[in-house]
Amino acid sequence: MTTNFETDVVIIGAGPSGLFSIFECGMLGLKCHVVDSLDHIGGQCIALYPEKPIYDIPALPEIMASDLIANLEKQAAPFDPVYHLSQQVTGIAGQVNDFTITTSKSVKIKAKAVIIAGGTGSFGPQKPPLANLELYEGKSVFYAVRSREKFRDMNVVIAGGGDSAIDWAISLSEVAKSVSVVHRRDKFRGAQASVDKLHALAEQGKIDLVVPYQLQALEGEGDTLKTVIVSDLDHNQKEIPADILLPFFGLSTSLGPLSDWGLGLNKNHIEIDQATAKTNLDGIYAVGDMATYPHKVKLILTGFAEAAQAAHSIRSQIFPDEELHFE
């Protein structure tokens, strides 16, 4: 049975940028409906790393990802957003100021504008090519940390050299019996302050940097992991005692139905005008990690700024003759 709704703006994606878009639209008197394929709001912050500390939100020296989402939800709540969860947007018909958005649950929503805040799109982990990996998945091998207490007093091996690997190595060093970081290079790709802290903890003996090495094999008893075997470029092998393996090699992402809508795409990202967050399709905007333009800095706060730009652009679109006095 088709359900029909009518609103000012449909926001696709309920991650940080999508949630802040509700607030920015609400401040300008615009009502929002939000569609997300996950069964909860928060996007990757909740699905992948609810207990990961985030350090680059203004005025908050440190905040857990789950707390950031809770605060954004509370900030948006006065504007009465309607959430349509566990469903994808499968189609957009119509034109600017008169769109009809259809979801995979046959929900139809009429809206004047659309904000795409889909993060990286639908996502899954990039898995290392290891024999018998599936035997340990969900028991000893995890692609996200939802509770660091789960790893207290355990031997944890983290594979990867990006922000997730670095941040979790630092965080888990406070609770784990041991933390080993396996990376194929001796240089890490993360915020410099975090990289410096990682090396400082290594010098203190709290983290073992296993570089330059890469994962070679897993050994265990039944489905219980016991050892991670790594090798260097000369095929020299090393065995690391391990109760847990956390491979952080990024996400495999897909735009899904979005790729068929005629949007200007650049390597799975949507090209926008930086000043307005407009896409090449009139009335459709994009914000957050999915949006791109020259020299964009991918930070949550960048998505927040884009959300504000999109909201103001939409108000001008809907009320072209009405002057806005906003400070």
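In this text the structure is predicted, and so the values were computed from the model without any measurement.

Analysis parameters
Residues numbered from 1 in each chain as written. Predicted model: local features only at pLDDT ≥ 70, side-chain atom pairs only at ≥ 80, totals over all residues. Heavy atoms only, no water. Salt bridge = Lys/Arg side-chain N within 4 Å of Asp/Glu carboxyl O. Helix = DSSP H or I, 4+ residues; strand = E, 2+ residues; numbered from the N terminus. Buried < 20%, exposed > 50% of the residue type's maximum accessible area, 1.4 Å probe, protein only. Contact = heavy atoms within 4.5 Å. Phe/Tyr/Trp six-rings, centres within 6.5 Å; stacked < 30°, edge-to-face > 60°. Axes fitted to C-alpha atoms, helices over the stretch in contact; angles between N-to-C directions. Left-handed = near helix turned anticlockwise from the far one by under 90°. Nonpolar A, V, L, I, M, F, W, Y, C, P; charged D, E, K, R; others polar. Disulfide = S-S within 2.5 Å. Expected span 1.5 Å × (residues − 1). Core = buried A, V, L, I, M, F, W, Y, C linked by side-chain atoms within 4.5 Å.

S.K.: Honestly, the pattern of salt bridges in this entry has me stumped. Any pointers?
M.R.: For side chains bearing opposite charge, pairing can occur when the charged atoms are close. In the structure shown here, the tally under the stated rule is 8 salt bridges. Among the ionic pairs, Asp167 bridges to Lys52, the shortest N-O distance being 3.5 Å. Taken as a pair, Asp167 in helix 5 (residues 163-172) and Lys52 in the loop between helix 2 (44-47) and strand 4 (53-54) lie far apart in primary sequence, 115 residues in all. For Asp167, a relative accessible area of 10% puts it in the buried group. By relative accessible area, which is 10% here, Lys52 ends up buried. Between Asp98 and Lys110 there is a salt bridge, and its shortest N-O distance comes to 2.9 Å. On the criterion of sequence distance, the pair formed by Asp98 in strand 8 (residues 98-103) and Lys110 in strand 9 (residues 107-111) is long-range, its members being 12 residues apart. Asp98 gets classed as partly exposed once you look at its relative accessible area, which sits at 38%. Note on Lys110: relative accessible area 35%, which makes it partly exposed.

S.K.: Please explain the environment of Val145 as it appears in this structure.
M.R.: Within the secondary structure, Val145 is located in the loop between helix 4 (133-136) and strand 12 (155-159). Assessed through its relative accessible area of 0%, Val145 is described here as buried. Each C-alpha atom, one on Val145 and one on Pro50, is 7.6 Å from the other, the two residues being 95 residues apart in sequence. If near-sequence neighbours (up to four positions away) are discounted, Val145 is found in contact with Leu48, Tyr49, Pro50, Glu51, Phe151, Trp168, Leu246 and Phe248.

S.K.: Just checking my understanding: could you explain the packing of aromatic side chains for this structure?
M.R.: Each aromatic ring pair is specified by the distance between its two centres and by the angle formed by the two planes. What the rule picks out here adds up to 4 aromatic pairs. Taken together, a centroid distance of 4.9 Å and an interplanar angle of 45° make the contact between Phe20 and Phe304 tilted. Taken together, the positions of Phe20 in helix 1 (residues 16-27) and Phe304 in helix 7 (residues 300-318) put the pair 284 residues apart, joining distant regions of the chain. Phe304 carries the same exposure label as Phe20, and that label is buried. One aromatic cluster is present, built from ring pairs that chain together Phe20, Phe23, Phe79 and Phe304.

S.K.: Even after reading the chapter, I still don't get the packing of helix 1 against helix 7, so can you show me in this structure?
M.R.: Packed helices, taken two at a time, are described by their axes: the angle between them and the distance between them. Put simply, helix 1 and helix 7 touch, their axes get as near as 8 Å, and they point 35° apart. Relative to helix 7, helix 1 is oriented so that their crossing is right-handed. Contact residues: helix 1 offers Pro16, Ser17, Phe20, Ser21, Glu24 and Cys25, while helix 7 offers Ile300, Gly303, Phe304, Ala307, Ala308 and Ala311. Looking at side-chain class alone, the contact of helix 1 with helix 7 contains 8 nonpolar, 3 polar and 1 charged residues.

S.K.: For this particular structure, what's the right way to read the state of the cysteines?
M.R.: In a disulfide, the sulfur atoms of two cysteines are held together by a covalent bond. With the rule as written, the count across this model stands at 0 disulfides. Lacking any disulfide linkage, Cys32 is separated from the closest cysteine sulfur, that of Cys25, by 4.0 Å. Since its relative accessible area comes to 3%, Cys32 is described here as buried. Summary of cysteine pairing: Cys45 is not part of a disulfide, and the nearest cysteine sulfur, belonging to Cys32, is at 19 Å.

S.K.: Can you help me understand helix 1 in this one?
M.R.: The α-helix winds at 3.6 residues per turn, so residues separated by three or four positions along the chain end up facing the same way. In a regular helix each residue adds 1.5 Å, so 12 residues correspond to 16 Å; helix 1 covers 17 Å between its end C-alpha atoms and thus fits that length. For helix 1, the buried fraction is high: 11 of the 12 residues fall into the buried class. Within helix 1, the full set of buried residues consists of Pro16, Ser17, Gly18, Leu19, Phe20, Ser21, Ile22, Phe23, Glu24, Cys25 and Gly26. After helix 1 finishes, the residue Gly29 shows a positive phi value of roughly 80°.

S.K.: Would you explain the nonpolar core in this entry?
M.R.: Generally speaking, soluble globular proteins have nonpolar side chains that are buried together. Ranked by internal contacts, the top residues of the largest apolar core, which has 84 residues, are Ile115, Ile116, Ile158, Leu172 and Leu246. Excluding residues within four positions of it along the chain, Leu246 makes contact with Phe142, Val145, Phe151, Val156, Val157, Ile158, Ala159 and Leu172. Grouped together as the second largest cluster of nonpolar side chains are 18 residues, Leu130, Leu133, Tyr213 and Leu225 included.

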